[in-house]
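Examination of the molecular architecture
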Amino acid sequence: TAVPLQFALYELGRNPEVQETIREQVKASWAQAEGNPQKALQGVPLLKATTKEILRLYPVGIAVQRYPVRDIILQNYHIPAGTMVQACLYPLGRSREVFEDPQRFDPSRWRSRQAPGGGGGAREGEESAFRSIAFGFGARQCIGRRIAENEMQLLLMHILLSFRLSVSSCEDIDTTYRFILQPETPPRITFSEL
Ligand code: HEM
């Protein structure tokens, strides 16, 4: 969670308008929740979409793998049982065929007609929960998912309530794969007290 949080703070810092829109939602929800952080999280769909959007652009685990237990046909390819099949999350998240304007950090893309757990892509009518599989899927999906999401959203909520984030350079962050996808060098982010 520490790594996607770094990416999240950086993207919020270099997209001040997005940051401000989310902050407005967070402030309103926080005021209504009377100091109850879990209640406040219920009223911030944009913040939840932010963690989803960050994991689309910077998937912690870059692939989800399965060994089919029986032969299957996938898009006309015959895959024998026992073959490792990988869904590569990095190119999936940045594919034009799947997401409109894929390089753009835009949490609101997840707001649309909502297929369960998914939605928000380029082609209407073809939305699929499998656009968002940073935590895997099915019986073996990440068992820490809810803890991870909760932790990231709580931290971002508190930061947005207290600080304005900015960055001195808007360049893309170079990434490297060391067990998980990481920034090549730690992004520099300025926190200004609100
Ligand atoms: C942003 C944070 C995280 C991401 C993106 C992530 C992602 C993933 C992914 C992709 C898998 C493989 C799922 C599959 O094959 O369908 C996985 C498995 C797993 N994760 Fe996470 N994870 C995160 C945080 C955590 C945390 C905080 C914990 C523990 C508290 C955790 C515990 C596990 C465990 C135990 C498995 C293996 C589940 C199994 O094989 O049945 N993860 N995670």
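Values in this document were obtained by computation on a predicted structure and should not be read as measured data.

**Quick notes on the confidence of the model for the protein chain**
Mean pLDDT over the protein chain: 91, with 92% of residues reaching 70 or higher. Counting contacts from residues 114-125, a segment whose pLDDT is below 50, to residues more than four positions away or on other chains yields 37 contacts.

**Remarks on helix α6 (residues 145-162)**
Side chains three or four residues apart in an α-helix point the same way, a direct result of the helix having 3.6 residues per turn. Over its 18 residues, α6 extends 26 Å from the first C-alpha to the last, a length consistent with the 26 Å expected when each residue adds 1.5 Å. Where α6 is concerned, the buried positions are A148, E149, M152, Q153, L154, L156, M157, I159 and L160. Looking at the buried positions of α6, the neighbouring elements they touch are α1 (2-14), α2 (16-32), α3 (37-42), α4 (45-57), β5 (163-166) and β8 (190-193).

**Here we look at the coordination of the iron atom of the ligand**
Just one protein ligand coordinates the iron atom of the ligand, and it is C142 (SG) at 2.3 Å. Secondary-structure assignment places C142 in the loop between α5 (89-93) and α6.

**Topic: the site of the ligand**
Within the structure, the ligand sits among 15 residues, and R66, A134, F137, R140 and C142 are positioned closest to it. R66 has a polar side-chain atom sitting 2.6 Å from an oxygen atom of the ligand. Within the backbone of F137, a nitrogen or oxygen atom sits 3.1 Å from an oxygen atom of the ligand.

**Looking at the packing of aromatic side chains**
As enumerated under the stated definition, the model contains four aromatic pairs in all. Plain terms: the ring middles of F99 and W110 are 5.6 Å apart, the flat faces sit at 65 degrees to each other, and that makes the pair edge-to-face. Residue F99 is located in the loop between α5 and α6, and its partner W110 is located in the loop between α5 and α6; the two are separated by 11 residues in the primary sequence. Overall, the relative accessible area of 2% leaves W110 in the buried class. Residues F163 and F191 carry aromatic rings whose centres are separated by 5.6 Å and whose planes lie at 80 degrees to one another, so their mutual orientation is edge-to-face. Highlighted residues: F163 in strand β5 and F191 in strand β8, separated in sequence by 28 residues. Look at F163 and you get partly exposed, because its relative accessible area is 27%. F191 gets classed as partly exposed once you look at its relative accessible area, which sits at 38%.

The rules behind these values
- Residues numbered from 1 in each chain as written.
- Predicted model: local features only at pLDDT ≥ 70, side-chain atom pairs only at ≥ 80, totals over all residues.
- Heavy atoms only, no water.
- pLDDT = per-residue confidence, 0-100.
- Contact = heavy atoms within 4.5 Å.
- Helix = DSSP H or I, 4+ residues; strand = E, 2+ residues; numbered from the N terminus.
- Expected span 1.5 Å × (residues − 1).
- Buried < 20%, exposed > 50% of the residue type's maximum accessible area, 1.4 Å probe, protein only.
- Donors = N, O, S within 2.8 Å, 3.2 Å for Na, K, Ca; no water.
- Near = heavy atom within 4 Å.
- Polar contact = N/O pair within 3.5 Å; in protein donor to acceptor, adjacent residues only side chain to side chain.
- Phe/Tyr/Trp six-rings, centres within 6.5 Å; stacked < 30°, edge-to-face > 60°.

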